[in-house]
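Listed below, chain by chain, are the residues.
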Amino acid sequence: MFIELDLQSENPLYEQLIDRLIEGIASGALKPGDPLPSVRNLAESLGINLHTVNKSYTLLKQDGFLQVHRKRGVIVQPDAMPGVTAEFEAKLFRQLRSLAAEAAVRGMTEEAFVNQCRRLYGDAIRKRGGDGQ
C-alpha cells in the first residue's frame, strides 16, 4: 500500500491518513475485507508515531470503514460501507461552505467550483468502477 503524507501540512497527520485510506476505499485500491498493515508496521513505513496511526484506525473503525479482528488484524469493512448520515451531511456542509467561501473570495466562479466538485466525485466513482449515480 502506497500512502503519502505531507509532514509540512497544517492538516494533522491522523486526518491525512484517514483521508488517504478513505480515498483508497473509494478508488477500489482497498477492497472490502482487505487487510491493512499493523499499527506498528504502517507507522514505521510512514515514519510517524504509532499513536497517530492508532488514532486514524480507531476513528475509521468508529465510523464503520474498518473492522479490527484479533486474528486477522485491521481490515477494510467487509460488509456494507457506512451510509450518508445527518452527521456526515453536516460535516460535508461545513467543509464545502468553507471551501466555497474561499473560492469566492479568490474570484473563482460558481461554475468552476461546481465543475471541480463534479470532477473529483466523478474521478472517485470511475476509479471504483461505479457509474456515479
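Quick summary incoming for the structure in this document. (Residues numbered from 1 in each chain as written. Predicted model: local features only at pLDDT ≥ 70, side-chain atom pairs only at ≥ 80, totals over all residues. Heavy atoms only, no water.)

### So, the packing of aromatic side chains
Heads up, the condition is: Here a pair means two rings of Phe, Tyr or Trp (six-membered ring of Trp) with centres within 6.5 Å. Their orientation is stacked below 30 degrees between planes, edge-to-face above 60, and tilted elsewhere. Note on geometry: a ring has a charge over it if NZ (lysine) or CZ (arginine) is within 6 Å of the ring centre and within 35 degrees of the ring normal.
With the rule as written, the count across this model stands at 0 aromatic pairs. Its guanidinium or amino end placed over the ring of Y14, K55 lies 4.0 Å from that ring's centre, counting from NZ or CZ.

### Regarding the packing of helix α2 (residues 39-46) against helix α3 (residues 50-62)
Note the threshold: A fitted line through C-alpha atoms serves as each axis, taken over the contacting stretch for helices, and the angle formed by two N-to-C directions is quoted from 0 to 180°. Segments assigned H or I by DSSP are reported as helices when at least four residues long, segments assigned E as strands when at least two residues long, and all are numbered from the N terminus. Note on angle classes: values under 35 degrees are labelled roughly parallel, values over 145 roughly antiparallel, values of 65 to 115 roughly perpendicular, and the remainder oblique. We call a crossing left-handed when the near helix sits turned anticlockwise from the far one by less than a right angle, and right-handed when that turn is clockwise. Residue contacts follow a heavy-atom distance rule, with two residues in contact if any of their heavy atoms lie within 4.5 Å. When residues are grouped by polarity, Ala, Val, Leu, Ile, Met, Phe, Trp, Tyr, Cys and Pro land in nonpolar, Asp, Glu, Lys and Arg in charged, and all others, Gly among them, in polar.
Between α2 and α3, the shortest axis-to-axis distance is 8 Å and the interhelical angle comes to 120°. Here α3 runs oblique to α2, going by the angle between their axes. In the packing of α2 onto α3, the handedness of the crossing is right-handed. For the pair α2 and α3, contact is made by V39, R40, L42 and A43 and by L50, V53, N54 and Y57, respectively. Residue composition of the contact of α2 with α3, grouped by class: 6 nonpolar, 1 polar and 1 charged.

### Some thoughts on the environment of D6
Under the convention used in this document: When accessible area is computed with a 1.4 Å probe and restricted to protein chains, residues below 20% of their type maximum are described as buried, those above 50% as exposed, and intermediate ones as partly exposed.
Within the secondary structure layout, D6 lies in the segment before α1 (13-27). Owing to a relative accessible area of 42%, D6 belongs among the partly exposed residues under this scheme. Each C-alpha atom of the pair D6 and Q16 lies 7.9 Å from the other, and the pair is 10 residues apart in sequence. If near-sequence neighbours (up to four positions away) are discounted, D6 is found in contact with L13 and Q16.

### Thoughts on helix α4 (residues 86-105)
Selection rule: Multiplying 1.5 Å by the helix residue count minus one yields the expected span of that helix.
With 20 residues, α4 should cover 28 Å at 1.5 Å per step; its first-to-last C-alpha distance of 28 Å lies within 8% of that length. The positive-phi residue at the C-terminal boundary of α4 is G107, with phi of around 95°.

### Details of the nonpolar core
Nonpolar side chains tend toward joint burial in soluble globular proteins. For clarity, the threshold we go by: As used here, the term nonpolar core means buried Ala, Val, Leu, Ile, Met, Phe, Trp, Tyr and Cys residues forming a set that is joined through side-chain atoms within 4.5 Å.
Grouped together as the largest cluster of nonpolar side chains are 20 residues, with contacts concentrated most on L17, L21, L36, V53 and Y57. Looking at this core, the elements that each hand over two or more residues are α1, α2, α3 and β2 (73-76).

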